[in-house]
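Chains, contacts and geometry: an overview
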Amino acid sequence: MTWVMTPGGKLHVGKIVCLVRNYRAHAEEYGQRAPSEATYFMKPSTSIIHDGEKVVAPRIAHDLQAEAELAVVMGSTARGISRNSSIECVLGYAVFLDITARNLQRSAIGNGLPWTLAKGMDTFAPVSEVRARGEVADPHDLEIRLRVNGVTRQKASTGEMIHRVPDIIASISSHMTLQKGDILATGTPEGVPTIRPGDVLEADIEGVGQLRIGVEAPSPP
Ligand code: MG
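In this report, the structure presented in the accompanying data block is examined. Every chain's residues receive numbers from 1 upward, in the order its sequence appears when written. Owing to the predicted nature of the model, reporting of local features is limited to residues with pLDDT of at least 70; listing and counting of side-chain atom pairs is limited to 80 or more, with chain, interface and lining totals taken over all residues. Values reported for side chains reflect all heavy atoms of the structure, with hydrogen atoms and water molecules removed beforehand.

Here we take up the coordination of the magnesium ion. Taken together, Glu67 (OE), Glu69 (OE) and Asp98 (OD) make up the full set of protein donors to the magnesium ion, lying 2.0 to 2.1 Å away. Each metal's donors are the N, O and S atoms within 2.8 Å of it, or within 3.2 Å when it is Na, K or Ca, and because water is not part of the set, sites may look incomplete. For the magnesium ion, the single-chain donor residues occur in sequence as E-x1-E-x28-D. Of this pair, glutamate 69 sits in strand β7 (residues 64–74) while aspartate 98 sits in strand β8 (residues 90–101), and the two are 29 residues apart along the sequence. You'll find glutamate 69 and aspartate 98 in the same group, each marked buried. Only runs of H or I of at least four residues qualify as helices and only runs of E of at least two qualify as strands under DSSP, and these elements are numbered from the N terminus. Residue exposure (1.4 Å probe, protein chains only): buried if accessible area is under 20% of the type maximum, exposed if over 50%, otherwise partly exposed.

If you want it as structure tokens, here you go:
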């Protein structure tokens with residue numbers, strides 16, 4: 001927990017900032033519009049797990065879902081940075097799964113309450129090893145895919161993102177300082193599946209990496 005593996009070794013993760021509805025088709029499958037401004041929430045670094053580990057499906061999560069996303073890992077501080085120079089603050093990219101207890105999120109939203117718990121429980125942020133920025137020619141021309149038990153559930157191009165990486169960094173850093181080790185999850189395409197204990201999730205992004213994650217029930221109290 002709380003670290004990612006980079007070409008230079010383990011890097012301590014600070015905050016995890018996650019974009020919402022950054023692919024139009026995903027917003028539409030939930031009957032919502034994509035926001036005109038980059039809009040985001042946060043997960044704690046304690047929700048991180050790594051390749052080969054398992055998401056623990058909490059008893060209170062009746063509708064657990066997995067969203068495959070391209071993650072941007074920050075390599076230096078960005079505060080009020082312009083979109084033109086923001087990419088220089090990126091250390092690299094990784095494959096990320098935004099695990100979501102959708103029933104908790106829906107009920108929180110319905111009651112006008114924060115949905116931190118629905119997104120931030122332990123094991124809710126699987127992340128792959130980090131691929132150096134210089135090895136990824138164009139972060140907006142990559143196939144992103146999620147398979148559950150061998151069946152393809154999400155398949156899209158990162159080119160479908162509404163807000164792109166330089167704009168995301170410029171936008172977030174105009175309000176909150178980004179630091180080395182922070183992770184930005186850039187949103188998910190359509191096809192988000194419900195997952196259950198026993199499932200095997202395989203996410204991959206062309207040229208970035210892959211992530212194989214199990215799902216298990218919590219141990220008895
Ligand atoms: Mg997401």
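Continuing now.
Now for the environment of lysine 155. Inspection of the secondary structure puts lysine 155 in strand β12 (residues 151–157). When its relative accessible area of 53% is taken as the criterion, lysine 155 is described as exposed. A C-alpha to C-alpha distance of 8.0 Å links lysine 155 and glutamate 190, two positions 35 residues apart in sequence. When neighbours within four sequence positions are excluded, lysine 155 is seen to be in contact with Glu143, Ile144 and Arg145. In what follows, a contact means two residues having at least one pair of non-hydrogen atoms within 4.5 Å.

This part takes up the sheet that holds strand β15 (residues 200–205). Sheet strands line up and pair through hydrogen bonds in the backbone, either parallel or antiparallel. Two strands are counted as paired when DSSP detects at least two bridges linking them. As summarised here, the arrangement of the five strands in space is β6-β16-β15-β11-β12, forming an open sheet in which the pairing is mixed. Both outer strands of the open sheet, β6 (54–56) and β12, are each paired with one neighbouring strand and no more. Adjacent strand axes in the sheet meet at a mean angle of 20° when their direction is disregarded. Direction of pairing for β6 relative to strand β16 (residues 209–216): parallel, over a ladder of three bridges. Within β16, the residue paired with valine 56 across the bridge is glutamate 216. To get an axis, fit a line to the C-alpha atoms, keeping to the stretch in contact for a helix; angles then go from 0 to 180 degrees between the N-to-C directions.

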